[in-house]
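# Understanding the architecture of this molecule
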Amino acid sequence: MSFLILHGWQNRRPPAHWQHWLAGELRSGGHVVDYPQLPDPDFPVLEDWLAELRTRVAALPGPHRTVICHSLGCLLWLNAAARAEVPLQVDRVLLVAPPSTDVTLSHPEIAGFAVPRSLTPTLLKAAAAHTTLVGSDNDPYAPGGPALAYGDWLTIPTTVLTGAAHLNIDAGYGPWPSVLDWCLTSDATRPITHRPDSPR
């Protein structure tokens, strides 16, 4: 198995973040993991991030390729799918806490990442055989919830975790065993649940 992990806005891969923990766990299990620092995370440029994505996806060894995105990393993936710029179809993509379009457009630093309405389920399927969406019911970056923002529009199976906010460090999301279990199973429909000891 090989994995590409894409971080979000203002993220410098801090050790306390669940993505950093996940990368370590997967590497410890002998898997190929690419967890790059994307360019200029405070003032990201979509074209620069897309160039990184194309290079990184093309380099993922098969046969089982998985991409795990958080926050702005989700919008990067969705933009790549909308433009048909994913160089090869991966097996699975996990989108965690993507910001809604309205919130994205309200921040000039990331407004260029707003996902175009030209994205369709067909284009999404061309980029990944299976896409899974996870968000929360109180994420300030997606006030209406993940299904309203993307799940319904793109017909993505969506899990809503109660009280999990933006599923980041501030929400207590360091080690997250459920995501690790999802990564290691061949079942793309395996449920993703809260981290241990999180509020329900």
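Residues numbered from 1 in each chain as written. Predicted model: local features only at pLDDT ≥ 70, side-chain atom pairs only at ≥ 80, totals over all residues. Heavy atoms only, no water.

Under the counting rule described, the total for this entry stands at 7 salt bridges. One salt bridge in this structure joins arginine 83 and glutamate 85, with 3.8 Å as the shortest N-O distance. Overall, the relative accessible area of 21% leaves glutamate 85 in the partly exposed class. Several salt bridges share partner residues, and in doing so they unite Glu47, Arg54, Arg83 and Glu85 into one network. (Salt bridge = Lys/Arg side-chain N within 4 Å of Asp/Glu carboxyl O. Buried < 20%, exposed > 50% of the residue type's maximum accessible area, 1.4 Å probe, protein only.)

Here we take up the packing of helix H2 (residues 46-59) against helix H3 (residues 72-82). H3 packs onto H2 with a crossing angle of 75 degrees between their chain directions and a minimal axis gap of 10 Å. Between H2 and H3, the angle falls in the class roughly perpendicular. Across the interface between the two elements, Leu46, Trp49, Leu50, Leu53 and Val57 from H2 touch Leu72, Leu76, Trp77, Asn79 and Ala80 from H3. Broken down by class, the residue content of the contact of H2 with H3 amounts to 9 nonpolar, 1 polar and no charged. (Axes fitted to C-alpha atoms, helices over the stretch in contact; angles between N-to-C directions. Helix = DSSP H or I, 4+ residues; strand = E, 2+ residues; numbered from the N terminus. Parallel < 35°, antiparallel > 145°, perpendicular 65-115°, else oblique. Contact = heavy atoms within 4.5 Å. Nonpolar A, V, L, I, M, F, W, Y, C, P; charged D, E, K, R; others polar.)

This next bit is on helix H6 (residues 146-154). Listing the buried residues of H6 in full gives Pro146, Ala149, Tyr150, Gly151, Trp153 and Leu154. Contacts made by the buried residues of H6 are with H3, helix H4 (101-105), helix H5 (121-127), strand E5 (128-136) and strand E6 (158-161). Phi for threonine 155, located one or two positions after H6, is positive at around 50 degrees.

This brings us to the sheet that holds E5. One open sheet holds the 6 strands; their spatial order is E2-E1-E3-E4-E5-E6, and the pairing between them is parallel. The strands lining the two open edges of the sheet, one partner per strand, are strand E2 (32-34) and E6. Each neighbouring strand pair of the sheet contributes to a mean axis angle of 15 degrees, computed without reference to strand direction. Sheet topology places E5 next to E6; 4 bridges connect them, and they run parallel. Following the sheet pairing, valine 134 is matched in E6 by threonine 159. Packing of helix H1 (residues 18-28) onto the sheet brings it into contact with strand E1 (2-6), E2, strand E3 (65-70) and strand E4 (90-96), and relative to E3 it is tilted by some 160 degrees. On top of the sheet, helix H7 (residues 177-184) reaches E1, E3, E4 and E5; it is set at about 165 degrees to E4, its chief contact. (Pairing = 2+ DSSP bridges.)

Attention shifts here to the state of the cysteines. Enumeration according to the criterion identifies 0 disulfides in this entry. With no disulfide partner, cysteine 69 has as its closest neighbouring cysteine sulfur the one in cysteine 74, 5.2 Å distant. On the basis of relative accessible area, cysteine 69 is assigned to the buried category, the value being 0%. (Disulfide = S-S within 2.5 Å.)

Here the focus is H3. Burial analysis of H3 places 11 of its 11 residues in the buried class, the great majority of the element. Every buried residue of H3 is listed here: Leu72, Gly73, Cys74, Leu75, Leu76, Trp77, Leu78, Asn79, Ala80, Ala81 and Ala82. Looking at the residues trailing H3, positive phi occurs at alanine 84, about 55 degrees.

It is worth spelling out the packing of aromatic side chains at this point. The tally for this structure, following the rule as stated, stands at 4 aromatic pairs. Pairing tryptophan 49 with phenylalanine 113 gives two aromatic rings, centres 5.4 Å apart and planes at 80 degrees, and the pair type is edge-to-face. Of this pair, tryptophan 49 sits in helix H2 while phenylalanine 113 is found in the loop between H4 and H5, placing the two residues 64 residues apart along the sequence. Accessibility classification places tryptophan 49 together with phenylalanine 113 in one group, the buried group. Relative to tryptophan 176, the ring of tyrosine 173 lies with its centre 4.8 Å away and its plane at 75 degrees, an arrangement referred to as edge-to-face. A cation over a ring is seen here: arginine 13 above tyrosine 35, with NZ or CZ 5.7 Å from the ring centre. Directly above the aromatic system of tryptophan 182 lies the positively charged group of arginine 92, at a separation of 4.2 Å from the ring centroid. (Phe/Tyr/Trp six-rings, centres within 6.5 Å; stacked < 30°, edge-to-face > 60°. Lys NZ or Arg CZ within 6 Å of the ring centre and 35° of its normal.)

All right, on to the packing of H1 against H7 then. The N-to-C vectors of H1 and H7 enclose an angle of 45 degrees; their axes lie 10 Å apart at closest approach. Judged by the inter-axis angle, H1 sits oblique to H7. Where H1 crosses over H7, the two elements pack in a sense that is right-handed. For the pair H1 and H7, the contacting residues are Trp18, Trp21, Leu22, Glu25 and Leu26 in the first and Pro177, Val179, Leu180, Cys183 and Leu184 in the second. (Left-handed = near helix turned anticlockwise from the far one by under 90°.)

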